[in-house]
Number of protein chains: 6
Amino acid sequence: MTRRILLVNPNTTASMTDKIAAAAGAVAGPDTTIVTDTSRDGPASIQGYLDIANSFTGLHAAMRRHPDADAVVVACFDDTGVDALRCATDVPVIGIGEAAFHVAAMIATRFSVVTTLARSVPGIEDNLRRYGLAARCRRVRASEVPVLALEGGDPACTELIRAEIRAAIDEDGAEAIVLGCAGMADLMAMFAEEFGLPVIDGVTAGVALAEGLVRMGAKTTGIGAYAPA
Amino acid sequence: MTRRILLVNPNTTASMTDKIAAAAGAVAGPDTTIVTDTSRDGPASIQGYLDIANSFTGLHAAMRRHPDADAVVVACFDDTGVDALRCATDVPVIGIGEAAFHVAAMIATRFSVVTTLARSVPGIEDNLRRYGLAARCRRVRASEVPVLALEGGDPACTELIRAEIRAAIDEDGAEAIVLGCAGMADLMAMFAEEFGLPVIDGVTAGVALAEGLVRMGAKTTGIGAYAPA
Amino acid sequence: MTRRILLVNPNTTASMTDKIAAAAGAVAGPDTTIVTDTSRDGPASIQGYLDIANSFTGLHAAMRRHPDADAVVVACFDDTGVDALRCATDVPVIGIGEAAFHVAAMIATRFSVVTTLARSVPGIEDNLRRYGLAARCRRVRASEVPVLALEGGDPACTELIRAEIRAAIDEDGAEAIVLGCAGMADLMAMFAEEFGLPVIDGVTAGVALAEGLVRMGAKTTGIGAYAPA
Amino acid sequence: MTRRILLVNPNTTASMTDKIAAAAGAVAGPDTTIVTDTSRDGPASIQGYLDIANSFTGLHAAMRRHPDADAVVVACFDDTGVDALRCATDVPVIGIGEAAFHVAAMIATRFSVVTTLARSVPGIEDNLRRYGLAARCRRVRASEVPVLALEGGDPACTELIRAEIRAAIDEDGAEAIVLGCAGMADLMAMFAEEFGLPVIDGVTAGVALAEGLVRMGAKTTGIGAYAPA
Amino acid sequence: MTRRILLVNPNTTASMTDKIAAAAGAVAGPDTTIVTDTSRDGPASIQGYLDIANSFTGLHAAMRRHPDADAVVVACFDDTGVDALRCATDVPVIGIGEAAFHVAAMIATRFSVVTTLARSVPGIEDNLRRYGLAARCRRVRASEVPVLALEGGDPACTELIRAEIRAAIDEDGAEAIVLGCAGMADLMAMFAEEFGLPVIDGVTAGVALAEGLVRMGAKTTGIGAYAPA
Amino acid sequence: MTRRILLVNPNTTASMTDKIAAAAGAVAGPDTTIVTDTSRDGPASIQGYLDIANSFTGLHAAMRRHPDADAVVVACFDDTGVDALRCATDVPVIGIGEAAFHVAAMIATRFSVVTTLARSVPGIEDNLRRYGLAARCRRVRASEVPVLALEGGDPACTELIRAEIRAAIDEDGAEAIVLGCAGMADLMAMFAEEFGLPVIDGVTAGVALAEGLVRMGAKTTGIGAYAPA
């Protein structure tokens, strides 16, 4: 019996979908099929509350295009629309932000997040608090690299992220680093090697946990806040 | 490439090991080998802080008997010794309590825990607080069924647990139930079916997450609180 | 100099807009004009995360139809879309949920919320926690009266709400009651009189605070999380 | 129908009363009368717990001199005596500290406070925690300008406050600034203009919210912690 | 070398001073002298925020009558004036509320408080939160016995307190009971015996801790929030 | 009637026992006998979770060698094994970490901890959070002086600790310092004198509080989490 994990990019930038598909493929088991899709309606990148709100229609439509998915991973570090999607399906829906935090909490006592713009920091902090993992996070750091700049492969962007990782280790006492953007998925291995500590990409974490949840038969609850409308 | 997940029962009751091995086997992937072992030194069941402290020597020895394990799952809901073991290895070490909480947090907004004795409640509450997941947990409920009584298959025990699950749904507004003892692993499917909501067993969750962590290449950090001595 | 406060009903039920317009008119100052509008695109009522996500497009469009507003009040107790709208304007944007909580916190040490359905409780609790006011709230209670049932004026609905208010006073030790739905705006005075304690309607509170913020010249910040895209 | 808002300076320095009266007059509506009064018994400025305790008798007497007030604003950023006064009246009593925090929370996701002396910082932090708004406050900063030095109009004092505002923006990521002393009321507009972000004075905020509460008919609760003795 | 501990009753009811003197005498060491004094100015009992504020002048005067005290214990469970007194002396000042909480936290994982009137509950809860011990306290329960009624020795009062202790054990899972009023000092031994669990009186705890602090040479800090004016 | 306080060094380094015995002797009352003992089985110093877990057997054995003790003080700042020991006795068991925190909370509003290695920081932070005292602690600072290096009396070690104390005062706004290792007991007086603020050693605090608890007749609860097995 095989399983199908739908990995949705909730922004409309297809090159980012390609990047996260590669990350997902590397972690999926042999009996798991990764299906990727890209939103067709909404912002080109998701940076802040307005983009988050504006991306839902396209994200929801993407999920509906794949009714046979056994789990859904939303490839935006803000966990855009995750709560809402859970009301619309009974398969597990996992945001890559929460996935990264849960993994980090199991392999380190304290981590820091390195994300894109400062404008995204309060939202990530609020998510950490809502998920309850704020006490495990030393600091959410902005590299001031915009999401789409990550697509260009500009070494200056990599350097800005590198500097924040170094600061997280030296100043925050971080024992692990969480990369705070789906567009950083391709940097995980390089930085882990370079800094000698766990570097966690949410896409990778999201696929790994989704596969685990499907394997154990976990379903999104149908009562309470996630009950179908 | 296959992977080996070591599932340790940190108490010395072998019949419980058999039960958790069955739960683990049902969730493991085809390319994953579950290795189980039982502590040879310590209490017959782990109920409260004194048992927790007294079980570490045997648990540590069990882990050392399996140096080729790719991940370790500690099959005690109190997450006995997990922090200490992480200082002694670089593979992921997962407690079944934390695993169950992380899974619950991804499929429901609010859950309740049904455990064995009242004496274990404060420790579980403290773990929830330490992991940051206390706000997601409505209540930790004691069924007053001792751990070893679960081994006998006495219907009266099942009935006590059933009554607490019902109360968790009716009084707490729980959207999912976490079973708070490794010895309840065989009850997960029955209660999920009966009550129509997710019922999460920690052994199952622990194996699922451990497999995911190994697949994504996650390692226990080697710096900070978990640095090797 | 007069001021214009836009009061948006983010669901598409016009009869509810009429009700909240009446509540708003009673509290606005003589030099304040209340402009009401109703979403033209989205759910007929907002109950849970999926409705919240689906209401944003219509809500945003409604705000854009009134570029001369000096402040915006979002008349949904879940504070639907408030963060996102703040990224799209520099006038104050106030949700009726947060308004009610802030007022309650200034006139009582402990309050309880009486809302519509149980499915909305976790979202309101999360808002309280995010706003920091969770410690002041004894309990969020569901009356199990759906939003649209409030429109019919059925005495049985009023009775269900009354029962929860009584329980909040007797069991929770609530010193004030927050009505957790825009559709309850017309019940504020009656229950305050009947129970002899403050009963706070969010629409009324939202308009009162919005007027105050405009009068003091407060603007939504343009830097950080609410910076224009 | 007009309304009367009593603005009490709980220290005995009349020049400070003049300053806050000017701030209050600028925000009050046309149908609102601001009545100011100064404590006749107590410390000349309120800096720390001992001054707070010693100011209550004079503050209470001041409130009793104005039995026709429709609301009371206590013009000390520590919210001196606010809880106690609420037990002695049924009109709203608002501290300028809490008013500023509530306003800040509605126009920014994160703010910093710039106050006078370091000795006042823990008390303000405790208030933030008690009101629940600690998570929204990045940092409480001391300018080390004593309260009474603000009265002299010394440019060096202004410079010290300016430096802390700059640090709050640059180091804390503050999106708005709360001025942590009634004696800074005259600096609000200047700093808002200079730094291009919301700068919130508590006196202004307190009057604005008090007027809103009166307009909506809100009363201090008469049951529970604020019940009359 | 002997030490003198000043035990101040901050209300003006001398019979209560006699009762607490007896409790203090039973716990003091042979080389410790307990000096008791009663406020000469303020309320006859302290129930709620207004009484707290009104009791400070008399309490402060009482402390000044004993400049040779090596430590001060404030015998009101609300810890009336403790922060302010610490600004006025360098010897340790201990409130009986905090003393009881600290002792409870060292001998039990969870306790409940049984106090006098419901109106005092929010203040005690706020103290617990401010001291950080809220997570250890299951519930603050009101017996609805007024402070002065305790002086009469009416068995009905004792019965009301007994009922709350029983409920704390049965419903809250309390492992220890904190008596939430100085006037209950004489009930500690009886209830401990009767219920077979620790029952902690704040006067007793306050004297015990004060003696320990003096013996170890601990002084109230002279910098920061408690710096002398 | 005299009392016997057992002070156990849970590591096997006898020279450290001598040092803490000296600190304890200086604070004990004339009618108190301090009995010291050293673990005979376990690590030479306790630095991190693995050492903590490995020290319990020896610590427990040490306690059992002194059945006549009226209280037990565990002389490791991590409060190693304290919860477990409480299940094995009805006399008070006090960890020197918690003792120091409780004392600090009564003489200052904010303190910082200066401990040995960075690897111990998360555990101390978790203890602070579990005890509820995290909000009172500004920061846990690592001096990077290993426990056993303290035994050598190397001035370079003292200098490293001094630098952190200075930083705690200057950067953290600490009003008191807690020394985060039993091996620093002999430095308390020197640093208090040098820096002019309270410096709290846990051994001293632990003995002072233990004596107080015995004097007031406090016992470890026998129900709930600490019930005998």
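Residues numbered from 1 in each chain as written. Chains lettered and ligands numbered in written order. Predicted model: local features only at pLDDT ≥ 70, side-chain atom pairs only at ≥ 80, totals over all residues. Heavy atoms only, no water.

### Quick notes on the domain arrangement of chain A
Where the parts come together, the accessible area they lose is often given as the size of the interface.
All names here are of chain A.
Point 1. Looking at chain A, the domain boundaries give domain 1 (3–95 + 205–226) and domain 2 (97–202).
Point 2. Here the C-alpha centroids of domain 1 and domain 2 sit 20 Å apart.
Point 3. Counting residues at the interface gives 26 residues for domain 1 and 35 residues for domain 2.
Point 4. Between domain 1 and domain 2 lies a buried interface of about 2100 Å² when both sides are counted; carbon and sulfur atoms form 56% of it.
Point 5. On the domain 1 side of the interface with domain 2, the three residues burying the most area are K19, Q47 and F77, jointly 36% of the side's total.
Point 6. The tally of links from domain 1 across to domain 2 stands at four salt bridges. (Domains from an automatic or database assignment. Contact = heavy atoms within 4.5 Å. Buried area = accessible area lost by both parts, 1.4 Å probe. Salt bridge = Lys/Arg side-chain N within 4 Å of Asp/Glu carboxyl O.)

### Considerations on the sheet that holds strand β4 (residues 93–95) of chain E
Residue and element names in this part refer to chain E.
Point 1. Taken in spatial order, the four strands line up as β2-β1-β3-β4 in an open sheet, and their pairing is parallel. Across the chains shown, the open sheet's two edge strands, defined by having one partner strand only, are β2 (32–38) and β4. Neighbouring strand axes in the sheet, compared pairwise and without regard to direction, differ in orientation by 20° on average.
Point 2. Bridging between strand β1 (residues 3–9) and β2 involves seven bridges; their strand directions are parallel. Paired with N9 across the two strands is T38, which belongs to β2.
Point 3. The sheet strands contacting helix α5 (residues 96–107) are β3 (71–74) and β4, and the helix crosses β4 at an angle near 75°. (Pairing = 2+ DSSP bridges. Helix = DSSP H or I, 4+ residues; strand = E, 2+ residues; numbered from the N terminus. Axes fitted to C-alpha atoms, helices over the stretch in contact; angles between N-to-C directions.)

### A word on the interface of chain B and chain A
Point 1. Taken together, the contact between chain B and chain A spans 43 residues of the former and 43 residues of the latter.
Point 2. Between chain B and chain A lies a buried interface of about 3400 Å² when both sides are counted; carbon and sulfur atoms form 67% of it.
Point 3. Across the contact surface, chain B and chain A share two salt bridges.
Point 4. With a shortest N-O distance of 3.2 Å, B:E211 and A:R215 are connected by a salt bridge.
Point 5. Remark: the boundary between chain B and chain A carries 11 residue pairs in polar contact (both at pLDDT 80 or more).
Point 6. Per-element accounting of the side of chain B that touches chain A gives the leading share, eight residues, to helix α9 (residues 202–215) of chain B.
Point 7. Looking at the side of chain B that touches chain A residue by residue, the classes come out as 25 nonpolar, nine polar and nine charged. (Polar contact = N/O pair within 3.5 Å; in protein donor to acceptor, adjacent residues only side chain to side chain. Nonpolar A, V, L, I, M, F, W, Y, C, P; charged D, E, K, R; others polar.)

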